[in-house]
Amino acid sequence: MAARGPGDLSQDGDLAGFAARFRDWLTEESAVVAPLLAEHSDYDLRVDNARALRRLLCEHGWGLAGWPEEAGGLGGSILHRSVVTEELFRAGWSGPTVFEHLEIIAPTLVRFAETEFVRSVVPSFLDGSRSWSQGFSEPEAGSDLASLRTRAVRDGDDFVVNGGKIWTTWSKWAHWCLALVRTGTAEERHRGLTMIAIDLSSPGVEVHPIRQANGTDELAQVHFTDVRVPAAQLVGEVGGGWNVALYLLARERGTLSWLRHCAFRHWLTAGTEVMAEDSDRQLGAVVLQLAGVRAAAARLLSRAADGAELGPEAAFNKLLMTRTEQSLFDLLREVDGVRVALPADSPAEVLQQQEYLFSRIVTIYGGSQQMQLTTVARHVLGLRDG
Amino acid sequence: MADASLRPAEYLGFRDAAAAILGRHSGAKALDAFGFTDVYADGAGDLRPAYAFLEAQGSSCVSTPALGLLALAGIGVDPLAPDGGAPLFGAPVGRSSLVAVPGMTPEDRVVVDRPGAGLVAIGDPSAARRTPPAPVADDYLTVLDVDGAECRVVVAEEEAGALREGIVVRTQLGAAAELLGLTDRLLQDAAGYAGQRAQFGRTLSSFQAMQHLLAWAATERHQLACLLDIAVARSANGPVDPQLARAVKAMAGRVFHAVAQTAIQVTGAISFTWEHSLNRPHQRGMALDQLAGSSADLVVAIGRQARTEGVVPELFTLADGAAGP
Ligand SMILES: Cc1cc2nc3c(=O)[nH]c(=O)nc-3n(C[C@H](O)[C@H](O)[C@H](O)COP(=O)(O)OP(=O)(O)OC[C@H]3O[C@@H](n4cnc5c(N)ncnc54)[C@H](O)[C@@H]3O)c2cc1C
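Computed from a predicted structure; not experimentally measured.

J.: An account of the overall build of chain B is needed here, citing residue identities and associated values.
T.: From N to C terminus, chain B includes eleven helices and eight strands. Its C-alpha radius of gyration of 20 Å places chain B within 12% of the 20 Å reference for a compact globule of 325 residues. Seen along its three principal axes, the alpha-carbon backbone of chain B occupies a region of about 65 × 50 × 40 Å. Counting only residues that meet the buried cut, chain B has 55% of its 325 residues in that class. Carbon together with sulfur atoms contributes 53% to the accessible area of chain B, which is approximately 12,900 Å² in total.

J.: Outline the sheet that holds strand 4 (residues 118-122) of chain B, supporting the account with residue identities and numerical values.
T.: All names here are of chain B. With respect to topology, six strands assemble into an open sheet ordered 5-2-1-3-4-6, the strand pairing being mixed. Every interior strand has two partners, whereas the edge strands, strand 5 (141-145) and strand 6 (151-156), have only one. Within this sheet the neighbouring strands show an average axis-to-axis angle of 35 degrees, counted without direction. Sheet topology note: the strand 2 (residues 98-102)/strand 5 ladder contains five bridges and is antiparallel. Along strand 5, the bridge assignment pairs Pro102 with Leu141.

J.: Any details on the domain arrangement of chain A? Residues and values, ideally.
T.: All names here are of chain A. One can read the domain layout of chain A as domain 1 (12-95), domain 2 (132-240) and domain 3 (254-380). Centre-to-centre, using C-alpha coordinates, domain 1 lies 22 Å away from domain 3. Between domain 1 and domain 3, the buried area comes to about 1,300 Å², and carbon and sulfur atoms account for 64% of it. At the boundary of domain 1 and domain 3, one finds two salt bridges. The residue Glu355 makes a salt bridge to Arg46 at a minimum N-O spacing of 3.5 Å. The interface formed by domain 1 and domain 3 holds seven residue pairs in polar contact (both at pLDDT 80 or more) in total. Of the residues that constitute the side of domain 1 that touches domain 3, the class distribution is four nonpolar, seven polar and three charged.

J.: Hey, could you go over the pattern of salt bridges for me, with residue numbers and the actual values?
T.: Residue and element names in this part refer to chain A. Scanning all chains against the criterion turns up 37 salt bridges over all chains. Ionic pairing is found between Arg294 and Glu86, a salt bridge with its closest N-O pair at 2.7 Å. Taken together, the residues span a long stretch of sequence, with Arg294 in helix 8 (residues 280-305) and Glu86 in helix 4 (residues 78-90) at a distance of 208 residues. Among the residues examined, Arg294 registers a relative accessible area of 0% and is labelled buried. By relative accessible area, Glu86 is classed as buried at 5%. Notably, a salt bridge pairs Asp217 with Lys172, separated by 3.0 Å at the nearest N-O pair. On the criterion of sequence distance, the pair formed by Asp217 in the loop between strand 6 (205-210) and strand 7 (219-230) and Lys172 in the loop between strand 3 (158-166) and strand 4 (176-182) is long-range, its members being 45 residues apart.

J.: Help me get a handle on the packing of helix 7 (residues 241-272) of chain A against helix 9 (residues 314-335) of chain A, residues and values and all.
T.: Each pair of packed helices can be described by the angle between their axes along with the distance between the axes. Residue and element names in this part refer to chain A. It is the contact of helix 7 with helix 9, at a shortest axis distance of 8 Å, that shows an interaxial angle of 20 degrees. By the criterion of interaxial angle, the relationship of helix 7 to helix 9 is roughly parallel. Classified by chirality, the crossing of helix 9 by helix 7 is left-handed. Across from Ala250, Glu252, Arg253, Gly254, Ser257, Arg260, Phe264, Trp267, Leu268 and Gly271 in helix 7, the residues of helix 9 making contact are Ala314, Asn317, Lys318, Met321, Thr324, Glu325, Leu328, Phe329, Leu331 and Leu332.

J.: Can you explain the interface of chain B and chain A? Please cite residues and give values.
T.: With 50 residues of chain B at the interface, the matching set in chain A holds 53 residues. Counting the surface lost from both chain B and chain A, the interface buries some 4,500 Å², and carbon and sulfur atoms represent 67% of this. In terms of surface lost to chain A, no three residues of chain B exceed Arg307(B), Val312(B) and Leu318(B), which account for 17% of the buried area on that side. One can count five salt bridges joining chain B with chain A. The residue Arg323(A) makes a salt bridge to Glu220(B) at a minimum N-O spacing of 2.7 Å. If you list the elements that add at least two residues to the side of chain B that touches chain A, you get helix 8 (208-235), helix 9 (242-267) and helix 11 (295-309) of chain B.

J.: Can you explain the pairing of strand 3 of chain A? Please cite residues and give values.
T.: All names here are of chain A. With seven of its nine residues buried, strand 3 lies for the most part within the structure. Examined bridge by bridge, strand 2 (residues 151-155) and strand 3 share five bridges and lie antiparallel to one another. Of the residues in strand 3, the one forming a bridge with Asp155 is Asp158. Connecting strand 2 to the antiparallel partner strand 3 that follows it, the hairpin turn spans two residues, and Gly156 within it adopts a positive phi of roughly 65 degrees. Pairing geometry for strand 3 and strand 7, over eight bridges, is antiparallel. When the sheet's bridge partners are listed, Asp158 is paired in strand 7 with Pro230.

J.: An account of empty space enclosed by the protein is needed here, citing residue identities and associated values.
T.: Residue and element names in this part refer to chain A. Tallied over the entire structure, the rule returns six cavities of 30 Å³ or more. Approximately 120 Å³ is the volume found for the largest cavity. Looking at the largest cavity, it is lined by 13 residues, and the ones nearest its centre are Arg54, Arg81, Thr85, Phe99 and Glu103. With four residues, helix 4 is the single largest residue contributor to the lining of the largest cavity. Lining the second largest cavity are 13 residues, with Ala38, Glu39, His40, Arg46 and Gly95 positioned closest to its centre. Elements represented by at least two residues in the lining of the second largest cavity include exactly helix 2 (30-37), helix 3 (43-59) and helix 11 (347-361). Of the residues contributing to the lining of the second largest cavity, the split by class is six nonpolar, four polar and three charged.

About the cut-offs
Residues numbered from 1 in each chain as written. Chains lettered and ligands numbered in written order. Predicted model: local features only at pLDDT ≥ 70, side-chain atom pairs only at ≥ 80, totals over all residues. Heavy atoms only, no water. Helix = DSSP H or I, 4+ residues; strand = E, 2+ residues; numbered from the N terminus. Rg over C-alpha atoms; globule rule 2.2 N^0.38 Å. Buried < 20%, exposed > 50% of the residue type's maximum accessible area, 1.4 Å probe, protein only. Areas by Shrake-Rupley, 256 points an atom, 1.4 Å probe, with all protein chains shown as cover. Pairing = 2+ DSSP bridges. Axes fitted to C-alpha atoms, helices over the stretch in contact; angles between N-to-C directions. Domains from an automatic or database assignment. Buried area = accessible area lost by both parts, 1.4 Å probe. Salt bridge = Lys/Arg side-chain N within 4 Å of Asp/Glu carboxyl O. Polar contact = N/O pair within 3.5 Å; in protein donor to acceptor, adjacent residues only side chain to side chain. Nonpolar A, V, L, I, M, F, W, Y, C, P; charged D, E, K, R; others polar. Parallel < 35°, antiparallel > 145°, perpendicular 65-115°, else oblique. Left-handed = near helix turned anticlockwise from the far one by under 90°. Contact = heavy atoms within 4.5 Å. 1 Å grid on protein atoms, 1.4 Å probe; cavity = no way out; pocket = protein on both sides within 12 Å on 5 of 7 lines; lining within 4 Å. Points joined across faces, edges and corners; volume = space filled by probe spheres on them.

Spelled out as structure tokens, the structure:
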């Protein structure tokens, strides 16, 4: 009898076999899985479905593949997680939501947090029951992140946090916030920063969702007033927060591009239905851009799977993925502007409009396009100021 | 480029060995020194060294017939060349009867693909040659008009059908590797120039506008290197998916033009001189883009196929294991 479940997850294990077993499972369980993959314009429903999907995947082992044992996983690498992601999209999925933070924040916790803390929080992140947000940006600290002012002061076994974060994606639904805070002086800039995990149910935390231009409220402002955070929730060293942030941002700019490009393929494929011959050139160009994102993402995944540092090259992925997302939605608007620009007629159209408007801002999140270009210029090409 | 740790080490080893040879030799001599034909002497097994050679040839902008040989690699010298040396493949350019032969010398024999007839040898390639009325910046590609040329069928249509796909794939991947080398050359020269030349009392490379232009160029080039590496790695394990080869070639042309434009912008007026070191690689890349499907034509074909089939091709899977260094 053929092996069932995730099976061998060793590094030279058979990734194709793993993918095939997961595909078979998706087919067998389609009655349960399909409703969770369906498209919804209602964001709360999307988050609920993503959580339920995580639970289901973890119950059957698929959601644990690619995560280390201390995180509650079964071993394996990011390649296994990426195969699961792609197969879900192949099965018609389009709304990853909490899956994205899982790829960004969970690896950072595994790498930098105390093992005890990882054991206590990551398993519930994997199974969708608890989710996380990322608190870096502040109203006065955007691109110039190292100027951030939210302070954490040591008091016995705790840190006491005061200040606030903005644009903290999904904090409306999150239980935790991985926050970059100042423990040193303002003059120390990035050397005075520390990463700490804040339980959002702690006294003194307020979360105010922000209604975005596209009608959703994914983003939020978070205020901290005398919030006590146990020192055991430090993620990395005191004063070492910048390194942790760079590690996390390399996931957000880099390895996340695999998941994102799967979503792009989904939208582009759907878009081909309304295209005519006169868009062949533009469509071909977007297909090629997508191939570039995929190839660059695959390279980064295999580096991450080998345990290599991702480094400034992740900026390439962010630049490629966001440019592709914008060209893709430009194309969809050009072939069916009414659908994108006028009051919608169906939930599917609402969703497309949300995604179109979201695509306009993707060159800002995770470090703007200009910051990525500067990173490439300085740290890859070695160009210098002055 | 500063990405040695990101690309397959073995491939880069071949490329750097080729670059050292191409620093001293050109033409058939360079091929002999590299052992180019040994690569496919036992069939067309692992052609990675050949692609690596072509990438090095691009960055050094040296001429050899490597690309013309690679196209026919593994097909076997007989019946192509019963009388000895391997012929060069004349790759189609545009939709006309023109073919372009890389690194051709007057002694070389040329084989072209004539759908309907098969693979045919051109009786007198020199006679079919286009003779430019003015000097050319780069004479790497010789253009032949095969219409009306005396031809002899060397592989009949029935057998040619099975060979055609491989010829196109190898030509496209080989030309793409060469275009990547040319792209690297232009980008490196432009970045180097920007670091040297001062205006307003500062180097050009200190201006954010220049940094961002060069960073976009490096980003374009990065995606091409990633996709080419995947296709080349695949070539070592069996035939390459023609859709993948087509995408690599189309991307190579587009990336090349984008990077060339950046290099020209960064370098300023001096780049618009006949002698400038940028002119020859630029014109060579323009010409190579036309070979075996121009990027402009291939992009339309890619779009048409995606639209009519309603499928956006994945081109490779993670499970191929072909993505890693
Ligand atoms: C959808 C979305 C999700 C987000 N999610 C999160 C999250 O979960 N957690 C979080 O912490 N943050 C999040 N952010 C915030 C994001 O990280 C910041 O928006 C980003 O860093 C830019 O900061 P800013 O918006 O203040 O823009 P600014 O820094 O004010 O920049 C405005 C413009 O000026 C340009 N600019 C700034 N400085 C320079 C310079 N030196 N040279 C050239 N140009 C410059 C920028 O490129 C940009 O175009 C999110 C943002 C978005 C849009």
